[in-house]
Amino acid sequence: MAKNEMWGGRFDAGPSAIMERINTSVYFDRHLFAQDIAGSKAHAQMLVAQGIIETADGDAIQQGLDQILAEIEGGNFEFKSALEDIHLNIESRLRELIGDKAGRLHTGRSRNDQVATDFRLWVRDAIDALDTQLQSLQVALIDVSERHFDTLLPGFTHLQPAQPVTFGHHLLAYVEMVGRDRDRFADCRKRVNECPLGAAALAGTSFPIDRDATASALGFDRPMRNSMDAVSARDFAIEFLSAASISAVHLSRFAEEIILWNSPQFGFISLSDAFSTGSSIMPQKRNPDAAELVRGKSGRILGALHGLMVVMKGLPLAYAKDLQEDKEPVFDAADSLSLAIAALAGMASDMKINKRAMLASLASGFPTATDLADWLVRVLGLPFRDAHHATGQIVGLAEKKGCSLMDLSLEEMQTVENGITEDIYSVLTNEASTASRASFGGTSPECVLEAVAKAKERYL
């Protein structure tokens, strides 16, 4: 086993093949290359400004890092597993390009604060990208909501028909969920945006560095206040995964509704070939696989959150190699969430709405029963519990007769409550029901249009 030069003089021999395999992270942490180079450039600039290294050395480092960035982006960089990680791969190539001057770059820092800085930069970039995507999903949902502000369908509780609602109102519920998802990511970003660079291995450094300068150069709000916390904290990654998990749950709920609505039993919507697949044996099938995969990917994202929490739960301060296990779940969760958002935004814009099927489904389940009870309270002055009981009896009459509430005669309803008049029929249509739900946040077409306008102001 050859000596590993990157570890210095402490080791006489290199690692075994198994040790190299378990220790190497470059096959996944290469995702951090842009952030690693940005952090190194800011650090080198600060070292020059503080008089810790010569200007000529700093210039050579900057030029070398620029060349390495171009090589990686151009696909011309050779990643070597023997060099363990992205940091040593870049440092080794820098030494090849500029010689011993490259060794001055690591003055006043450690891989511990280096990787913590890179990771925070990456998570910050991921939050910004996801926010843009989530806003695009809101745009798609708001657009459909506005076009279907008065399209009627059943609102469900317990997956049983409950009351008539408008399709626009239904979709605006997801606009609000996504808005809260964006708020959570934005709040997470505030805690992500503190700079570990300069904490070194765990205790800080004896060199006269300027941590405020590097933090500012990298767009951080401030340096982290405690060097041990700076290198070992991963709660920012856990918080990112928590926000991603909640968002994934919301996306999964919408995906499930698309799956239900797209089924023949509902028939509320149809998806084009762009978001459907067929069957290898059943030629009639059109499967909503994109929605099913969104639903499935939520499990991966939730698993990433719990996996990282388990990694962290027993770690004493400060750094431990367990922390190498923090990146893969975050990378995977971010990729999965990004793909899920894109798929749902596409399906929201793609789906064809079947108004007839939605309206026909309102013929069952007595969805205007609550309107009948409200009329008994409002017009006859009955206590709501009494009105509720009377309405239940009237529903029972319609159920036995096999008809809707509208098809019951006045005389039949008066056998339950003799004060009922012909005016009762004015509240029993689905259109009247939704129009009457005009309280703030309600489902009336008027409210939906107002909510669409407010959503555009808030989110777009």
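Since this is a predicted model, take the numbers as computed values, not measurements.

Draft legend 1. Expanded view of the pairing of strand 2 (residues 160–166). Pairing analysis gives six bridges linking strand 1 (residues 152–157) to strand 2, with the strands arranged antiparallel. Bridge assignment links Gly-155 to a residue of strand 2, and that residue is Gln-163. What sits between strand 1 and strand 2 in their antiparallel hairpin is a turn of two residues, with His-158 showing a positive phi close to 60°.

Draft legend 2. Structural view of empty space enclosed by the protein. All told, the structure shown has two cavities of 30 Å³ or more when counted by the stated rule. For the largest cavity, the calculated volume is near 50 Å³. Surrounding the largest cavity, Asp-36, Ser-40, His-87, Leu-88, Ile-90, Glu-91, Leu-105, His-106, Arg-109, Arg-111 and Gln-114 form its lining. Elements that contribute at least two residues to the lining of the largest cavity include exactly helix 3 (33–49), helix 5 (86–98) and helix 6 (111–147). A per-element tally of the lining of the largest cavity places helix 5 first, with four residues. The class makeup of the residues in the lining of the largest cavity is three nonpolar, four polar and four charged. Taken as a whole, the second largest cavity holds about 30 Å³ of empty space. Surrounding the second largest cavity, Leu-137, Leu-141, Tyr-174, Val-178, His-250, Leu-251, Phe-254 and Leu-344 form its lining. Sorting the residues of the lining of the second largest cavity by element identifies helix 6, helix 7 (167–192) and helix 10 (235–262) as the ones contributing at least two each. The element best represented in the lining of the second largest cavity is helix 10, accounting for three residues. Tallied by class, the residues present in the lining of the second largest cavity amount to seven nonpolar, one polar and no charged.

Draft legend 3. Up close: the side chain of Gln-35. For Gln-35, the position within the fold is in helix 3. Those residues in contact with Gln-35 that sit more than four places away from it in its chain are Asp-118, Leu-121, Trp-122 and Asp-125.

Draft legend 4. Just the pattern of salt bridges, in detail. Counted according to the given criterion, the structure contains 27 salt bridges. Close ionic contact of Glu-176 with Arg-458 constitutes a salt bridge, the shortest N to O distance being 3.1 Å. Here the residue Glu-176 occupies a position in helix 7, and Arg-458 occupies one in helix 18 (residues 445–459), the gap between them amounting to 282 residues. Classification of Arg-458 as exposed rests on a relative accessible area of 55%. Connected through shared salt-bridge partners, Glu-71, Lys-80, Arg-93 and Glu-96 make up one network.

Draft legend 5. Seen up close, a nonpolar patch on the surface. A cluster of nonpolar side chains, contributed by Leu-202, Met-228 and Leu-317, occupies part of the molecular surface with about 270 Å² of accessible area. Residue placement: Leu-317 occurs in the loop between helix 11 (289–312) and helix 12 (327–350). On the basis of relative accessibility, which here comes to 62%, the residue Leu-317 falls in the exposed class.

Draft legend 6. The arrangement of the side chain of Ser-227 in detail. Relative to the assigned elements, Ser-227 resides in helix 9 (residues 227–232). Within the local environment of Ser-227, its side chain forms a polar contact with the backbone oxygen of Leu-202, the two atoms lying 2.6 Å apart. In this structure Ser-227 touches Ala-199, Leu-202, Ala-203 and Gly-204, once residues within four positions along its chain are discounted.

Draft legend 7. Inspection of unusual backbone geometry at higher detail. Cis geometry marks the peptide bond from Leu-317 to Ala-318; its omega dihedral reads 5°. With respect to the helices, strands and loops of the structure, Ala-318 is situated in the loop between helix 11 and helix 12. Phi is positive for Ala-200, close to 60°, though the residue is something other than glycine. Mapped onto the elements, Ala-200 comes out in the loop between strand 3 (194–195) and helix 8 (211–217). Residue Ala-200 is classed as buried on the basis of its relative accessible area of 8%.

Draft legend 8. Spotlight on the environment of Asn-226. Structurally, Asn-226 can be placed in the loop between strand 4 (222–223) and helix 9. Taking the C-alpha atoms as reference points, Asn-226 and Val-123, separated by 103 residues in sequence, lie 20 Å from one another. A distance of 3.0 Å separates a polar side-chain atom of Asn-226 from the backbone nitrogen of Asp-229.

Conventions we followed
Residues numbered from 1 in each chain as written. Predicted model: local features only at pLDDT ≥ 70, side-chain atom pairs only at ≥ 80, totals over all residues. Heavy atoms only, no water. Pairing = 2+ DSSP bridges. Helix = DSSP H or I, 4+ residues; strand = E, 2+ residues; numbered from the N terminus. 1 Å grid on protein atoms, 1.4 Å probe; cavity = no way out; pocket = protein on both sides within 12 Å on 5 of 7 lines; lining within 4 Å. Points joined across faces, edges and corners; volume = space filled by probe spheres on them. Nonpolar A, V, L, I, M, F, W, Y, C, P; charged D, E, K, R; others polar. Contact = heavy atoms within 4.5 Å. Salt bridge = Lys/Arg side-chain N within 4 Å of Asp/Glu carboxyl O. Buried < 20%, exposed > 50% of the residue type's maximum accessible area, 1.4 Å probe, protein only. Patch = residues over 30% accessible without salt bridge, like charges linked within 9 Å, V, L, I, M, F, W, Y side chains within 5 Å. Areas by Shrake-Rupley, 256 points an atom, 1.4 Å probe, with all protein chains shown as cover. Polar contact = N/O pair within 3.5 Å; in protein donor to acceptor, adjacent residues only side chain to side chain.

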